[in-house]
Amino acid sequence: MKKKIVISTTNRNKKREIEKLLNDMDLEVLALSDLKMHIPHVIEDGKTFRQNAIKKALTFSRYINETILADDSGLMVEALGGKPGIRSSRFARAKATDKENNAKLLQLMKNVPHGKRQATFACVIAIAKNGALLGTSEGLCRGTIGFELKGKSGFGYDPIFTPKGYKHTFAEFKPSFKNRISHRAEALKKAKLIIQKYL
Ligand code: IMP
């Protein structure tokens, strides 16, 4: 029987990316929504991506008798002192849409010149089982913020983020290409070593 891992994200796009990135492992990948049970809501009140990822992994691992993989991620924009950071998904308001968050970011950045628009995506993964933390990993992806939305694929800030060394936004790339160079890809590559060790 295949070993199981439960990924804690409720964001459909993140879930899809994580599933694809794990598909070379001999694992049954489940999402919280696949489990027919009541799962507590975790308030993401940490001050860092790492604190939030650990809180989610540990909390869910106390309710679910499987290995849990939780991630927390976001975008840090230099000209905005690192914002939106851990507030990336709710930058414009609580439960904001991607469109609203991108519009707010572009508005705040409208007078920031080329050359001063550096930003970094970060992803931290925490893996836990039965209330014990097995390990954490981190991935970063550096790039710049554009002046308008470009591309239709991906999610979140993908249409305004161009990774360093490229001319197109994440939303203009094929998902398989984003999955080679993204912050989530880097974090998962390291997380696989933790999974291999414990599962
Ligand atoms: P989380 O679900 O609390 O980790 O929030 C992550 C938020 O950061 C998402 O809702 C997006 O706004 C943003 N984000 C994280 N990773 C990505 C990515 O790969 N592309 C675009 N936006 C991302």
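Residues numbered from 1 in each chain as written. Predicted model: local features only at pLDDT ≥ 70, side-chain atom pairs only at ≥ 80, totals over all residues. Heavy atoms only, no water.

Q: Honestly, the pairing of strand β2 (residues 27-31) in this entry has me stumped. Any pointers?
A: Both faces of the sheet carry side chains from a regular strand, because those side chains alternate between them. Of the pairings in the sheet, the one linking strand β1 (residues 3-7) to β2 comprises five bridges and is parallel in character. Within β2, the position partnered with I5 by the bridge is V29. (Pairing = 2+ DSSP bridges. Helix = DSSP H or I, 4+ residues; strand = E, 2+ residues; numbered from the N terminus.)

Q: Is there a simple way to think about the pattern of salt bridges in this case?
A: Close approach of charged atoms lets side chains of opposite charge pair. For the structure shown, the criterion picks out twelve salt bridges. For the salt bridge of D24 with K192, the shortest nitrogen-to-oxygen distance reads 2.8 Å. Of this pair, D24 sits in the loop between α1 (12-22) and β2 while K192 sits in helix α5 (residues 183-198), and the two are 168 residues apart along the sequence. With relative accessibility at 15%, the residue K192 sits in the buried group. Here K178 ties to D158 by a salt bridge, and the two come within 2.9 Å at their closest N and O atoms. You can see K178 sitting in helix α4 (residues 175-181) and its partner D158 sitting in the loop between β5 (132-145) and β6 (161-163), a full 20 residues away along the chain. Since its relative accessible area comes to 3%, K178 is described here as buried. D158 gets classed as buried once you look at its relative accessible area, which sits at 1%. (Salt bridge = Lys/Arg side-chain N within 4 Å of Asp/Glu carboxyl O. Buried < 20%, exposed > 50% of the residue type's maximum accessible area, 1.4 Å probe, protein only.)

Q: Any chance you could explain the packing of aromatic side chains here in plain terms?
A: Each pair of aromatic rings is reported with the distance of its centres and the angle of its planes. Using the criterion set out here, one finds six aromatic pairs in the structure. Their ring planes at 70 degrees and their centres at 5.4 Å tell us that Y166 and F177 sit as a pair that is edge-to-face. Note that Y166 is positioned in the loop between β6 and α4 and F177 in helix α4, a separation of eleven residues in sequence. Classification of Y166 as partly exposed rests on a relative accessible area of 37%. (Phe/Tyr/Trp six-rings, centres within 6.5 Å; stacked < 30°, edge-to-face > 60°.)

Q: Before we go on, may I ask you to explain the sheet that holds β2 in this structure?
A: Pairing between the strands of a sheet comes from backbone hydrogen bonds, and it takes one of two forms, parallel or antiparallel. Taken together, six strands build an open sheet; the order of strands is β2-β1-β3-β4-β5-β6 and the sheet is mixed. Every other strand in the sheet has two partners, leaving β2 and β6 as the edge strands with one partner each. Going from strand to strand, the sheet's axes swing by 35 degrees on average, the running direction of each strand aside. Judged from the three bridges that link them, β5 and β6 form a sheet pairing that is antiparallel. Bridge pairing in β6 places G143 opposite P163. Packing against the sheet, α5 makes contact with β1, β2, β3 (67-77), β4 (118-129) and β5, and its axis sits at approximately 165 degrees to β5. (Axes fitted to C-alpha atoms, helices over the stretch in contact; angles between N-to-C directions. Contact = heavy atoms within 4.5 Å.)

Q: Which parts of the structure should I look at to understand the site of the ligand?
A: Of all residues adjacent to the ligand, which total 15 residues, the nearest are K14, S73, D158, K178 and R184. Here an oxygen atom of the ligand sits 2.7 Å away from a polar atom, N or O, in the side chain of K178. Between the ligand and the protein, one listed contact pairs a nitrogen atom with a side-chain N or O atom of H183 at 3.2 Å. For the ligand, whose free accessible area comes to 490 Å², the fraction covered by protein is 94%. Those elements giving two or more residues to the shell around the ligand turn out to be β3 and α5. The dominant element in the shell around the ligand, judged by the number of residues it contributes, is β3, at three residues. (Near = heavy atom within 4 Å. Polar contact = N/O pair within 3.5 Å; in protein donor to acceptor, adjacent residues only side chain to side chain. Areas by Shrake-Rupley, 256 points an atom, 1.4 Å probe, with all protein chains shown as cover.)

Q: Explain the environment of T97 here, please?
A: Looking at the secondary structure, you find T97 in the loop between β3 and α3 (98-108). For T97, a relative accessible area of 39% corresponds to the partly exposed category. Considered as a pair, T97 and I86 are eleven residues apart in the sequence and their alpha carbons are 16 Å apart.

Q: I tried to follow the environment of A70 on my own but got confused; where do I start?
A: Structurally, A70 can be placed in strand β3. Residue classification places A70 among the buried residues on the basis of a relative accessible area of 0%. When residues no more than four places from it in sequence are discounted, the contact partners of A70 are S8, A53, K56, A57, V124, I125 and A126.

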